[in-house]
Amino acid sequence: MAIQWFPGHMHLTKKAISERIKEIDVVIELLDARLPGSSANPMLAELTGAKPALKVLNKQDLADPARTAPWLAHYNSLPGTRAIGLDASMSTPAKALIEACHALAPSRGSMVKPMRVLICGIPNVGKSTLINTFTGKRATKTGDEAGITKLEQRIVLADGFYLWDTPGMLWPRIIVAKSGYNLAASGAIGRNAFEEEEVALELLDYLIPHYPEMLEARYKLKLAPGVTDEQLLEEIGRKRGAVLSKGRINLQKAAEIVIYEFRAATLGRITLETPEEFAQWLAAGQKIDAERQVKKDLIETNRLIKFKKIPRPAKPDEA
């Protein structure tokens, strides 16, 4: 199943970014440190063009530190880009952001030439919580649910430093199938857009080879060689008492447990992708998408020929 979610307010966000970007000096994109590739919005690059970019790997306290470092190195290697990590334990996150923005746009930041920054990110990446930390008050609504912030707002972060906050935004079509599952597992996608059981199975399929010790410690079990995600989900349901009549396992309840415990990091500090893995997933997704576009174009061409909107192409022997 391909997971997609692009509510109406996200169209408005796209339009607002397109209009605002002309007067912006630096674009901050908040990423989820547990899925730094999947949480990067490909549409944002199209909207912001060559503007200096600061990639912020938020929630790094929930992510695998051994994997956060390669992701920071990856983004710092990109032209016109800096990357830093943030988490809830940092006492002065605003200072870290301001310093990074000044490094990207050193001529801005005075009262005469104020720094104008746009902060973007996928839903539920922690942007509202971060901004509330900046301002020392509840400037924006927060919650473990995608799509809470729906209005653009301007915040004075420091003298000569203006921050425009935008609602969380995904992109109209997710071509990397694995990204759809990772985004759903993180809480970036509305609950009505995916099946918890399917997402939990994809999550377990990745965790079994990459984080087996965490699974065994959390669920107090021993992973048998060759265990499948379906078998593990059933065992987790059995361990947690999600049992129906006649000993059947409530897989929906078991899936909700797995997803919740990943999001809360009670499973442990987990990152669901490396730069190399995501590059492979993206290449495969782009290939499938290109093949899909060829088929779509052929269908449209045949439709235009059928209704005589365009002439039928000449056969080779007729040319």
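Here the structure is shown first, and the text comes after it.
If you're wondering where the values come from, they're calculated on a predicted model, not measured in any experiment. (Residues numbered from 1 in each chain as written. Predicted model: local features only at pLDDT ≥ 70, side-chain atom pairs only at ≥ 80, totals over all residues. Heavy atoms only, no water.)

(A) Quick peek at the sheet that holds strand E5 (residues 153–158). With mixed pairing, six strands are arranged side by side in an open sheet as E3-E2-E1-E4-E6-E5. Pairing within the sheet leaves two strands with one partner each, and these edge strands are strand E3 (81–85) and E5. For this sheet, the mean angle separating the axes of adjacent strands, direction not counted, is 25°. With five bridges joining them, E5 and strand E6 (residues 161–165) adopt antiparallel strand pairing. Note that in E6 the partner of glutamine 153 across the bridge is aspartate 165. Docked against the sheet, helix H3 (residues 65–76) engages strand E1 (26–32), strand E2 (53–58) and E3, running at close to 160° with respect to E3. (Pairing = 2+ DSSP bridges. Helix = DSSP H or I, 4+ residues; strand = E, 2+ residues; numbered from the N terminus. Axes fitted to C-alpha atoms, helices over the stretch in contact; angles between N-to-C directions. Contact = heavy atoms within 4.5 Å.)

(B) How the structure looks around helix H11 (residues 275–306). Taking 1.5 Å per residue, 32 residues should reach 46 Å; H11 reaches 46 Å between its end C-alpha atoms and fits that length. Residues of H11 that are buried: Pro275, Glu277, Phe278, Trp281, Gly285, Asp289 and Ile305. Its buried side turned inward, H11 meets H3, helix H6 (177–186) and helix H7 (196–210). Just beyond H11, the residue with positive phi is lysine 308, at close to 60°. (Expected span 1.5 Å × (residues − 1). Buried < 20%, exposed > 50% of the residue type's maximum accessible area, 1.4 Å probe, protein only.)

(C) Structural detail: H3. Relative to the 16 Å expected for 12 residues at 1.5 Å per residue, H3 spans 16 Å between its end C-alpha atoms, a close match to the ideal helical length. Where H3 is concerned, the buried positions are Arg67, Thr68, Trp71, Leu72 and Tyr75. The arc that holds every buried residue of H3, seen down its axis, measures 140°, which confines them to one face. Where H3 begins, the capping side chain belongs to aspartate 64, and its oxygen is found 3.0 Å from the backbone nitrogen of alanine 66. (Arc of directions from axis to C-beta. Polar contact = N/O pair within 3.5 Å; in protein donor to acceptor, adjacent residues only side chain to side chain.)

(D) Local environment of the packing of H6 against H7. Between H6 and H7, the least distance of the axes is 9 Å, while the angle of their chain directions is 105°. Between H6 and H7, the angle falls in the class roughly perpendicular. In contact with Lys178, Tyr181, Ala184 and Ala185 of H6, H7 contributes Glu198, Val199, Glu202 and Tyr206. (Parallel < 35°, antiparallel > 145°, perpendicular 65-115°, else oblique.)

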